[in-house]
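A look at the structure
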Amino acid sequence: MSLWGGRFQDGSSEMFRRVNDSLPFDRALASQDIRGSITWSKAICKAGVLTQDEQQQLEQALQALLVKAETGTLDFDASSEEDIHSFVEATLIEQLGDVARKLHTGRSRNDQVATDFRLWTREHVDLLIADLENVKASLVGTATNNKTVILPGYTHLQRAQPVRYPHWCLAYVEMFKRDISRLHDLRARLNQSPLGCGALAGTTYPIDRHEIASDLGFDSPCLNSLDAVSDRDFVLELLFAASTSMMHMSRMAEDLIFFNSGEAGFITLGDEVTSGSSLMPQKKNPDALELMRGKCGRVFGSLQGMLVTMKGLPLAYNKDMQEDKEGLLDAVTQWHICLCIACEVIDSIKLDSERCAKAAREGYANATELADYLVAKGIPFRTAHDISGQVVLAALEKKKAIEELSLEELKQLSGLIENDVYEILQLEYLVDKRSILGGTGIDPVSKALAAEVAQLK
Ligand code: ARG
C-alpha cells in the first residue's frame, strides 16, 4: 500500500514502479532518514501533535531501526515500498499501528528527502576530507623517504628543467589541499536544515525550526521553503569537488604511469597495485593508476548530468530531482575508492634514483645555466642563449652531455668559458640554485616539506 493511495482507484503499473521507485538506491539514506524522523517526532510532540508517551514509543522503535540500518540488517529486498521514506514509515506502522500513522503530520517527503540528502552529503564530506588527508600523508611520506632524488621536470612532455622529487610530490599536495578546502567551503554552505518547510510552502504546525536544525547538527534552518525543498546546489558542489579532485588524481596517475614506463623507468610499483598480462608474462601493468584516470569519465558525467537535470525545473520540487542520488552516490564511492588506492600506490613507489638523475642530466637541462654563466661574464642574454644553443648542437653531434665536452671544445664556441663552468653544469648546482620561495632548490623544498610534515593530521 503506497503512502498516497487514498485518491487512487487503480494500482501502479509494473513499468511505472520501475521508473518511479527509488528504494533500490535511496536505501543508502536509511540512517539519515531515521535520525530525521526522531528529530521530527520530538518537534511535533512539542507542537502538541504527539503525547510524550507516543513520542517515546516512536523514538524507541526508530532507535531500534537505526541500529539495524547501521549494521546493514534492514531487509529492503523483501519490501515493496516506493522509497526509503515510505519504507521507514511503513515499517513503523507495522510495528506500532496508529501511533506511527501520526509521524508524517506537518511533514512532506520533499523537506524530508532534502534533509536526508544534506545529512548524507555532510557525513561523506567528512569522510572524504579524511581520505584526502591520507593521500597527502602518503605523498609527504614518499617525499621524506626520497628527499634528495632529482628527476627531470617536463613541459610539453619534453625534458625541461630538473626538479627534486619532493617538489613533484608537493605539487600534488597543494592540489589536494585545495580539494580539502573546497570540501570545507561547500560543507558550510550545505549545513542548513530544510526540515519544517513541508512540501513547498512551510508547515502550519508550531514547530521550532531552529531547534530541529541544531538537533540534527545543522548550523541554521534554510530561510525559504520553496528554495529549501528544491535546492540541489549541494549535490552539484560536491560533484564539482569530486570532479576536480579526480582530475588532480588523474594527472598524478598519468605522471606515475609515465614514470613507471619502460621508457622512463624512474619508479617501480608494488605487486599489490599492479596486474599481469594473460598473454605476455613479462608485463606488470599499472592498472590501479589507469583506473584512477579512467574513472574520471563517470564522475565528470554525473556532474554534467545533474546540471542538465536541474536546469529547466520550475519551483519547487519535481520528480526529476530524484535523479540527484545515483550520480552523487556513485561519484562519492568512486572518489573514495580512488583516494584509498592512491595511498596504496604511492606507498609502494620505489624510486630508481640513478635512472632519474641520468634522465635529468641527459636532456641538456643545464643549457640555461650555461647561458646564465655567459651572462655573468658580460654577454647579453640573447647572445648567450645563442652560444649555449650552439654548445648543445656540438654536444649532440658528439653524443655527449655539455659537461662531457672538454674546455677546448667549449672554448671554440666562446672564449669566455673557463674551468669554473663545470661546477655550474652539475645537476645539484642548477637545481639548488632555484632557491626562491616555491622553487625546486633543496632549501625551499626542505622547508615546504617540513611545513607539510608539521600539518599532518
Ligand atoms: N523519492 C523521492 C526523491 O528522492 C522523495 C520525494 C518524493 N516527493 C514527492 N513529492 N513525490 O526525490
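Residues numbered from 1 in each chain as written. Predicted model: local features only at pLDDT ≥ 70, side-chain atom pairs only at ≥ 80, totals over all residues. Heavy atoms only, no water.

Next up on the list: a nonpolar patch on the surface. A surface patch of nonpolar side chains, amounting to about 270 Å² of accessible area, comprises Leu200, Leu226 and Leu315. Inspection of the secondary structure assignment puts Leu315 in the loop between α12 (296–311) and α13 (324–347). Owing to a relative accessible area of 64%, Leu315 belongs among the exposed residues under this scheme. (Patch = residues over 30% accessible without salt bridge, like charges linked within 9 Å, V, L, I, M, F, W, Y side chains within 5 Å. Areas by Shrake-Rupley, 256 points an atom, 1.4 Å probe, with all protein chains shown as cover. Salt bridge = Lys/Arg side-chain N within 4 Å of Asp/Glu carboxyl O. Helix = DSSP H or I, 4+ residues; strand = E, 2+ residues; numbered from the N terminus. Buried < 20%, exposed > 50% of the residue type's maximum accessible area, 1.4 Å probe, protein only.)

Two elements in contact, helix α10 (residues 233–259) and helix α11 (residues 287–294), have axes separated by 8 Å at closest approach and are oriented at 145°. Note on packing geometry: the crossing formed by α10 with α11 is left-handed. Contact residues: Met246, Met249, Ser250, Met252, Ala253, Glu254, Leu256 and Ile257 in α10; Leu289, Glu290, Met292 and Arg293 in α11. Taken together, the residues of the contact of α10 with α11 break down into 8 nonpolar, 1 polar and 3 charged. (Axes fitted to C-alpha atoms, helices over the stretch in contact; angles between N-to-C directions. Left-handed = near helix turned anticlockwise from the far one by under 90°. Contact = heavy atoms within 4.5 Å. Nonpolar A, V, L, I, M, F, W, Y, C, P; charged D, E, K, R; others polar.)

Pairing of strand β1 (residues 150–155) with strand β2 (residues 158–164) involves 6 bridges; the strand directions are antiparallel. Within the sheet, the bridge partner assigned to Pro152 lies in β2 and is Pro162. (Pairing = 2+ DSSP bridges.)

Every residue close to the ligand is listed here: Ser22, Asp26, Asp83, His85, Arg109, Asn110, Val113, Tyr317, Lys319, Gln322 and Lys325. The contact in question runs from an oxygen atom of the ligand to an N or O atom on the side chain of Tyr317, over 2.3 Å. Relative to its unbound accessible area of 350 Å², the ligand is 87% covered by the protein chains. Looking at the shell around the ligand, the element that brings in the most residues is helix α6 (residues 109–145), giving 3 residues. Split by residue class, the shell around the ligand holds 2 nonpolar, 4 polar and 5 charged. (Near = heavy atom within 4 Å. Polar contact = N/O pair within 3.5 Å; in protein donor to acceptor, adjacent residues only side chain to side chain.)

Leu139, Trp168, Leu183, Leu238, Met249, Met252 and Trp335 are the most contacted members of the largest nonpolar core, which totals 102 residues. Ranked by residues supplied to this core, first place goes to α10 with 14 residues. Formed by 20 residues, the second largest nonpolar core is a distinct cluster that contains Ala371, Tyr373, Val391 and Val392. (Core = buried A, V, L, I, M, F, W, Y, C linked by side-chain atoms within 4.5 Å.)

So, on to the packing of aromatic side chains. What the rule picks out here adds up to 10 aromatic pairs. Ring plane angle 80° and centroid distance 6.4 Å describe the contact between Phe258 and Phe266, whose orientation is recorded as edge-to-face. Judged by relative accessible area, which is 2%, Phe266 ranks as buried. Both rings, one in Phe259 and one in Phe266, keep their centres 5.6 Å apart while their planes meet at 45°; by these two values the pair is tilted. There is no split in this pair, since Phe259 and Phe266 are both buried. (Phe/Tyr/Trp six-rings, centres within 6.5 Å; stacked < 30°, edge-to-face > 60°.)

Here the focus is helix α20 (residues 442–455). If you check α20, its first and last C-alpha atoms are 20 Å apart, about what 14 residues at 1.5 Å a residue would give, namely 20 Å. Every buried residue belonging to α20 is among Pro444, Val445, Leu449 and Glu452, and all of these are buried. All buried residues of α20 lie within an arc of 130° about the axis, which places them on one face of the element. Exposed and oriented more than 90 degrees from the buried face of α20 are Lys447 and Ala454. Buried residues along α20 sit in contact with α6, β2 and α7 (165–190). (Expected span 1.5 Å × (residues − 1). Arc of directions from axis to C-beta.)

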